[in-house]
Amino acid sequence: MVQGVGGVPMGGQRGTLLAGAAPPRGRTRREATRRLLFSAVALTLAPVAAACGQPPRATDDDRQATAFDETYRGRHIRGVEVAAARRAAAGGRWEVTIDGRPLHLMRRADGSWLSMIDHYRSYPTPLAAARGAVDELSPGEQLRDLAPGPMGEGPMHMGGGHAVHA
Amino acid sequence: MPYTRKNVNRLTGTERRRFVGALLEVKRRGEYDEFVRMHIEYNTPDGEHGLRAAHMTPSFLPWHRKFLLELERALRRVDASVTVPYWDWTRDRTATSVPWLDDLLGGNGRRSDRQVMTGPFAYRAGHWKITEGVTDVRYLTRDLGHARSPIELPTGAELNQALADPVYDTAPWNSTVTYGFRNKLEGWGAGRGSVSWRNHNRVHRWVGGSMLGGASANDPVFWLHHAFVDLQWTRWRQQHRDPRYLPAEPPGVHDAQHRRIVARHERLPPWGVTPDELEDLSGIYRYE
């Protein structure tokens, strides 16, 4: 049911290359092995080379390529990391939607994630938290946009600088 | 003269009727939804910036004690005989146990959409429309026992593991602490799967539906659950030699928890009372 994420397409690609490297007539096993190894090394290095060829990202662009986009149990879930979020103490912040509606994710001190739908446990990744939220929605039930939201910047009792007086 | 909070399985028929009637009236007046909103607002977890008053924090217990007391006051303005009963989930453990009877909280949600169809809080009964939810459904939902991957309610032994800890809470005062009564009761564990949600958290998960989200107070069982959690704090204080709330002093400026938690004599938002003032409320209410 999960579509289009993770190692499945990549695995398929590897399989194709290795099959193509199978020894045709007259080639020795050693030769074939060398070709296989070369293929593997080339595969490993390819992303590095590609990354080196790219210009460095502008520092004011706080969006990174870390993202997901899949259909899970009939729901379209998307997520993109928005780095350097001022509010998150433990690293980046994610913007996640389920069927186009925002799912507010929050961070636990151990680095795991929880959502407003499933608020009494946490998940190791934003994708797992998004899937966990889908698991707890009934058919046809949609997220309500709480903006400016319970976690909006506004309320006085959540500001980082809020002083507690004795 | 303090009033008494009873075990929900000991309420008489009249007491059940009056408790339910007071809840419906507080809802009709619009006061109930203010409590739901407040609980949503105080959801800051410990990986975010800001003061944590209600969850993943030492003041989890005093914050919810005051929250419950305020709801109870609203109920008693309607009917002075009413108190919030507690649900002992270590004993009343099934989807047909007392809290879920038709003349109390009603039963489980139906399979198709988890909508509660029985009892006074069913949408079709006409008195309990969800307006402060985190989704667009207007009806109360439950998934008792979490049908898709079933879980059990916490046992008495699991609760006793929390009660046996002689220290109220420990640094770093958040969801990662493995010692201390507070987090063992609140129930944030390490790792994945069922070990990572215990006692209080596990009960929210067992009830499911509305009770699982930030708007969990939409299900009136929230109050029965938190009355039982509150009773554990009272019991714990009776069982240990030094049962004071910790930390006694605020973390210093170089501490990562500086201004992020509420120390014993600091004021707890939104009410401005201190944990110290909430430790012993035996002059206001007692547990049966």
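Residues numbered from 1 in each chain as written. Chains lettered and ligands numbered in written order. Predicted model: local features only at pLDDT ≥ 70, side-chain atom pairs only at ≥ 80, totals over all residues.

The name given to chain B in an unreviewed UniProt entry is Tyrosinase, and the organism recorded there is Streptomyces cellostaticus. Per UniProt, chain B has the following entry under Cofactor (unreviewed entry): "Cu(2+)". (UniProt positions renumbered as here; feature names shortened; annotations may be inferred.)

If you look chain A up in an unreviewed UniProt entry, it shows as Tyrosinase from Streptomyces cellostaticus.

J.: Hey, could you run me through the overall build of chain A in this one?
T.: A tally of helices and strands in chain A yields three helices and six strands. Starting at the N terminus, the α and β elements of chain A follow one another as α-α-β-β-β-β-β-β-α. Split into buried and exposed, the 166 residues of chain A put 23% on the buried side. When contacts within chain A are restricted to residue pairs at least 6 apart in sequence, those whose partners lie at least 24 apart make up 32%. (Helix = DSSP H or I, 4+ residues; strand = E, 2+ residues; numbered from the N terminus. Buried ≥ 20, exposed ≤ 12 C-beta atoms within 10 Å, placed from the backbone. Contact = placed C-beta atoms within 7 Å.)

J.: Would you mind going over the overall build of chain B with me for this structure?
T.: Counting secondary structure elements, chain B contains eight helices and two strands. The C-alpha atoms of chain B give 18 Å as radius of gyration, which agrees with the globular expectation for 288 residues (19 Å, within 12%). Expressed along its principal axes, the backbone C-alpha trace of chain B runs to roughly 55 × 45 × 35 Å. Residues counted as buried form 51% of the 288 residues belonging to chain B. Residue pairs at least 24 apart in sequence account for 62% of intrachain contacts in chain B once pairs closer than 6 positions are excluded. (Rg over C-alpha atoms; globule rule 2.2 N^0.38 Å.)

J.: In this structure, what is going on with unusual backbone geometry? I would like to understand it.
T.: It is generally the case that most residues other than glycine have a negative phi and that most peptide bonds are trans. Each neighbour pair has its own omega, and for B:Ala171 with B:Pro172 the value is 5°, a cis peptide bond. Along the chain, B:Pro172 falls in the loop between helix H4 (156-163) and helix H5 (181-186). Along the chain, B:Pro269 connects to B:Pro270 via a cis peptide bond; the corresponding omega equals 0°. Note that B:Pro270 resides in the loop between helix H7 (221-239) and helix H8 (275-278). Positioned with a positive phi, A:Arg73 is a non-glycine residue whose angle comes to about 50°. Tracing the backbone shows A:Arg73 in the loop between strand E1 (63-72) and strand E2 (75-82).

J.: Would you mind going over the nonpolar core with me for this structure?
T.: Most often, soluble globular proteins have nonpolar side chains that are buried together. Residues A:Ala130, A:Ala133, B:Leu71 and B:Leu224 are the most contacted members of the largest nonpolar core, which totals 91 residues. Those residues in contact with B:Leu71, other than ones at most four positions away along the chain, are B:Phe35, B:Val84 and B:Trp223. (Core = buried A, V, L, I, M, F, W, Y, C linked by C-beta atoms within 7 Å.)

J.: How do you make sense of the UniProt feature "domain: Tyrosinase copper-binding" (unreviewed entry) in chain B when you look at a structure like this?
T.: UniProt tags residues 55-72 and 219-230 of chain B as "domain: Tyrosinase copper-binding" (unreviewed entry). Counting secondary structure, residues 219-230 of chain B comes out at 83% helix and 0% strand; the distance between its end C-alpha atoms is 18 Å.

J.: Help me understand the confidence of the model for chain B, please; the structure alone is not making it clear to me.
T.: For residues with low pLDDT, the predicted coordinates do not support detailed interpretation. Per-residue pLDDT for chain B has a mean of 96; in total, 99% of the residues score no lower than 70. The ipTM for the predicted assembly is 0.94, set against a pTM of 0.82. (pLDDT = per-residue confidence, 0-100.)

J.: Where do I start with the pairing of strand E3 (residues 93-98) of chain A in this structure?
T.: Successive residues of a regular strand alternate their side chains across the two faces of the sheet. Residues and elements named next belong to chain A. For E2 and E3, the ladder comprises six bridges, and the chain directions are antiparallel. Its bridge partner lying in E3, Glu-81 is registered against Trp-94. Summarising the sheet, E3 and strand E4 (residues 101-103) pair through three bridges and their orientation is antiparallel. Note on E4: the bridge partner recorded for Ile-98 is Arg-101. (Pairing = 2+ DSSP bridges.)

J.: Help me understand the confidence of the model for chain A in this model?
T.: Residues and elements named next belong to chain A. Per-residue pLDDT for chain A has a mean of 62; in total, 43% of the residues score no lower than 70. Throughout residues 1-65 the model reports pLDDT below 50, and contacts reaching past four residues in sequence, or to other chains, amount to 27 contacts. Low pLDDT (under 50) marks residues 148-166, which in the prediction has 34 contacts with non-local residues, meaning those over four places away or in another chain.

J.: Please explain helix H3 (residues 126-135) of chain A as it appears in this structure.
T.: For an α-helix, the turn length of 3.6 residues means that residues three or four places apart are oriented alike. Along H3(A), the residues that are buried comprise A:Pro126, A:Leu127, A:Ala129, A:Ala130, A:Ala133 and A:Val134. The arc that holds every buried residue of H3(A), seen down its axis, measures 165°, which confines them to one face. (Arc of directions from axis to C-beta.)

J.: Any chance you could explain the environment of B:Pro220 here in plain terms?
T.: Residue and element names in this part refer to chain B. By the secondary structure assignment, Pro-220 is in the loop between helix H6 (199-207) and H7. The spacing of Pro-220 and Leu-140 is 80 residues in sequence and 9.8 Å in space, taken between C-alpha atoms. For Pro-220, the contacting residues outside a window of four places in its chain are Leu-23, Leu-105 and Phe-121.

J.: Can you help me understand the environment of B:Asp280 in this one?
T.: Residue and element names in this part refer to chain B. Considering the arrangement of structural elements, one finds Asp-280 in the loop between H8 and strand E2 (285-287). Residue classification places Asp-280 among the exposed positions, given that 11 C-beta atoms sit within 10 Å. In the structure, Asp-280 is positioned 46 residues away from Thr-234 in sequence and 8.0 Å away in space, judged by C-alpha atoms.

J.: Please clarify how the packing of helix H3 (residues 60-78) of chain B against H7(B) should be interpreted in this entry.
T.: A packed helix pair is summarised by two numbers, namely the angle formed by the two axes and the spacing between the axes. All names here are of chain B. For the pair H3 and H7, the least separation of the axes is 10 Å and the interaxial angle reads 130°. Comparing the axis directions of H3 and H7 gives the class oblique. Crossing hand, H3 versus H7: left-handed. Across from Leu-61, His-64, Arg-65, Leu-68 and Leu-71 in H3, the residues of H7 making contact are Trp-223, His-226, Ala-227, Val-229, Asp-230 and Trp-233. (Axes fitted to C-alpha atoms, helices over the stretch in contact; angles between N-to-C directions. Parallel < 35°, antiparallel > 145°, perpendicular 65-115°, else oblique. Left-handed = near helix turned anticlockwise from the far one by under 90°.)

J.: Would you mind going over the environment of B:Leu140 with me for this structure?
T.: All names here are of chain B. As for its placement among the helices and strands, Leu-140 is situated in the loop between H3 and H4. Overall, Leu-140 belongs to the buried group, with 27 C-beta atoms counted inside 10 Å. In the structure, Leu-140 is positioned 100 residues away from His-240 in sequence and 40 Å away in space, judged by C-alpha atoms. Among residues more than four places away in sequence, those in contact with Leu-140 are Val-116, Phe-121, Tyr-123, Trp-128, Ile-130, Ser-210, Asn-218 and Asp-219.

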